[in-house]
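# Architecture and fold: a report
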Amino acid sequence: MLKKILHLPPAVGDTEQPVPRWAMRLAYALPWLLLPSCLWRLPFAVHFEMGQLHDRGMPPLWLSVPYVLSLSVLTEVTAILAIGLVRGWGEVAPRWIPFLGGKPVRPMAAVVPAVLGGLVLTALFSSVPLGGDRQLTVFGVTESVGYLSDGWETLATICVTPLALWGPIIVVLAVAYHRRRKVTKA
């Protein structure tokens, strides 16, 4: 019964081929999954350090406020764009887009940027613990940030950890999109 519920395509869709239910749910869950990290980031814009201990100086407000707001908005917009991998507007460009509106989207024009973006996101938000509060990231060996209390550290972990899933989710959705669109071409 559970397998039937999780793997049946939705009853009504705007895509050429039915989208697997798991892919639809995953795509719509992604913006909600990333929202805590976007909200966690916002107080840093006004120099509230959310319980972090470090000696770095903060950039001036005229720089930090637009940067942090833009980063949070860009994160959510990118997550919402992933919904195009499970909806009709990912197969036929919306009419309001100049020059492209109403034209079919070539599958590889969606798959290649999604997979590359997913791989970049995976590299950016993944790390390998090395011990001694150090971790290996794409930027090299970094030290973990200290917190005033376990409560702040727990809150940070809850808010920021889902970012590590962002890249793999995009890659999985892109592969599902490719498989679905490939069936259409056959």
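The structure this text deals with has already been given above.
Residues numbered from 1 in each chain as written. Predicted model: local features only at pLDDT ≥ 70, side-chain atom pairs only at ≥ 80, totals over all residues. Heavy atoms only, no water.

### With respect to the nonpolar core
L30, V86, W166, I170 and L173 are the most contacted members of the largest nonpolar core, which totals 24 residues. The element best represented in this core is helix α6 (residues 163-185), accounting for 7 residues. If near-sequence neighbours (up to four positions away) are discounted, V86 is found in contact with T15, V19, A23, M24, A27, Y28, L173 and R180. Listed in part, the 6 residues of the second largest apolar core include W40, Y147, A156 and C159. (Core = buried A, V, L, I, M, F, W, Y, C linked by side-chain atoms within 4.5 Å. Buried < 20%, exposed > 50% of the residue type's maximum accessible area, 1.4 Å probe, protein only. Helix = DSSP H or I, 4+ residues; strand = E, 2+ residues; numbered from the N terminus. Contact = heavy atoms within 4.5 Å.)

### Quick look at the packing of helix α2 (residues 21-45) against helix α3 (residues 61-81)
When two helices pack together, their arrangement is captured by the angle between the axes and the distance separating the axes. Running from N to C, α2 and α3 point in directions that differ by 180 degrees, and their axes come no closer than 9 Å. It follows that α2 is roughly antiparallel to α3 by the angle criterion. Contact with α2, carried on its side by L30, P31, L34, L35, C38, R41, L42 and A45, involves L61, S64, V65, V68, L69, L71, S72, T75, E76, A79 and I80 of α3 and no other residues of that element. Partitioned by chemical class, the residues of the contact of α2 with α3 number 14 nonpolar, 3 polar and 2 charged. (Axes fitted to C-alpha atoms, helices over the stretch in contact; angles between N-to-C directions. Parallel < 35°, antiparallel > 145°, perpendicular 65-115°, else oblique. Nonpolar A, V, L, I, M, F, W, Y, C, P; charged D, E, K, R; others polar.)

### Re the packing of aromatic side chains
Enumeration over the complete set of coordinates arrives at 3 aromatic pairs. Pairing W40 with F44 gives two aromatic rings, centres 5.9 Å apart and planes at 65 degrees, and the pair type is edge-to-face. Linking W40 with F44, this pair stays in helix α2, spanning 4 residues, or about one helical turn. Taken individually, W40 and F44 each receive the classification buried, so the pair is uniform in this respect. (Phe/Tyr/Trp six-rings, centres within 6.5 Å; stacked < 30°, edge-to-face > 60°.)

### What to know about the pairing of strand β3 (residues 134-137)
Relative to β3, strand β2 (residues 128-131) runs antiparallel, the two being bridged by 3 bridges. By the bridge assignment, G131 is partnered in β3 with R134. Where β3 and strand β4 (residues 140-143) come together, 4 bridges link them in antiparallel fashion. Residue R134 lies in a different strand from β4, and its bridge partner there is E143. Counting the residues between successive antiparallel strands, the hairpin from β3 to β4 contains 2 residues. (Pairing = 2+ DSSP bridges.)

### Let's talk about a negative patch on the surface
On the surface, D133, E143, D150 and E153 cluster together to form a negatively charged patch. Structurally, E143 can be placed in strand β4. (Patch = residues over 30% accessible without salt bridge, like charges linked within 9 Å, V, L, I, M, F, W, Y side chains within 5 Å. Areas by Shrake-Rupley, 256 points an atom, 1.4 Å probe, with all protein chains shown as cover. Salt bridge = Lys/Arg side-chain N within 4 Å of Asp/Glu carboxyl O. Lys, Arg positive; Asp, Glu negative; His and termini not counted. Charge placed at Lys NZ, Arg CZ, Asp CG, Glu CD.)

### Considerations on the pattern of salt bridges
Evaluated as defined, the whole model comprises 1 salt bridge. Residue E91 pairs with R180 through a salt bridge whose shortest N-O separation is 2.9 Å. With E91 in the loop between α3 and α4 (107-125) and R180 in helix α6, this residue pair connects regions lying 89 residues apart in the sequence. Exposure class is identical for E91 and R180. Each is buried.

### Side note on the layout of surface pockets
If you add up the space inside the largest pocket, you get close to 1800 Å³. Around the largest pocket sit 40 residues that line it, and Q52, F125, V145, V160 and L163 are the ones nearest its centre. Within the residue set of the lining of the largest pocket, elements represented by two or more residues are α2, α3, α4, β3, β4, α5 (150-160) and α6. Taken together, 21 residues form the lining of the second largest pocket, with L81, G84, W89, G90 and A110 sitting closest to its centre. Put simply, the parts of the chain that give the lining of the second largest pocket at least two residues each are α3 and α4. Sort the elements by how many residues they give to the lining of the second largest pocket and α4 lands first, with 5 residues. Looking at side-chain class alone, the lining of the second largest pocket contains 16 nonpolar, 4 polar and 1 charged residues. (1 Å grid on protein atoms, 1.4 Å probe; cavity = no way out; pocket = protein on both sides within 12 Å on 5 of 7 lines; lining within 4 Å. Points joined across faces, edges and corners; volume = space filled by probe spheres on them.)

### Looking at the environment of L71
Tracing the backbone through its elements, the reader meets L71 in helix α3. Owing to a relative accessible area of 30%, L71 belongs among the partly exposed residues under this scheme. Here the alpha-carbon distance between L71 and P129, two residues 58 residues apart in the chain, equals 26 Å.

So far we have only geometry, and geometry alone does not tell us how the molecule works.
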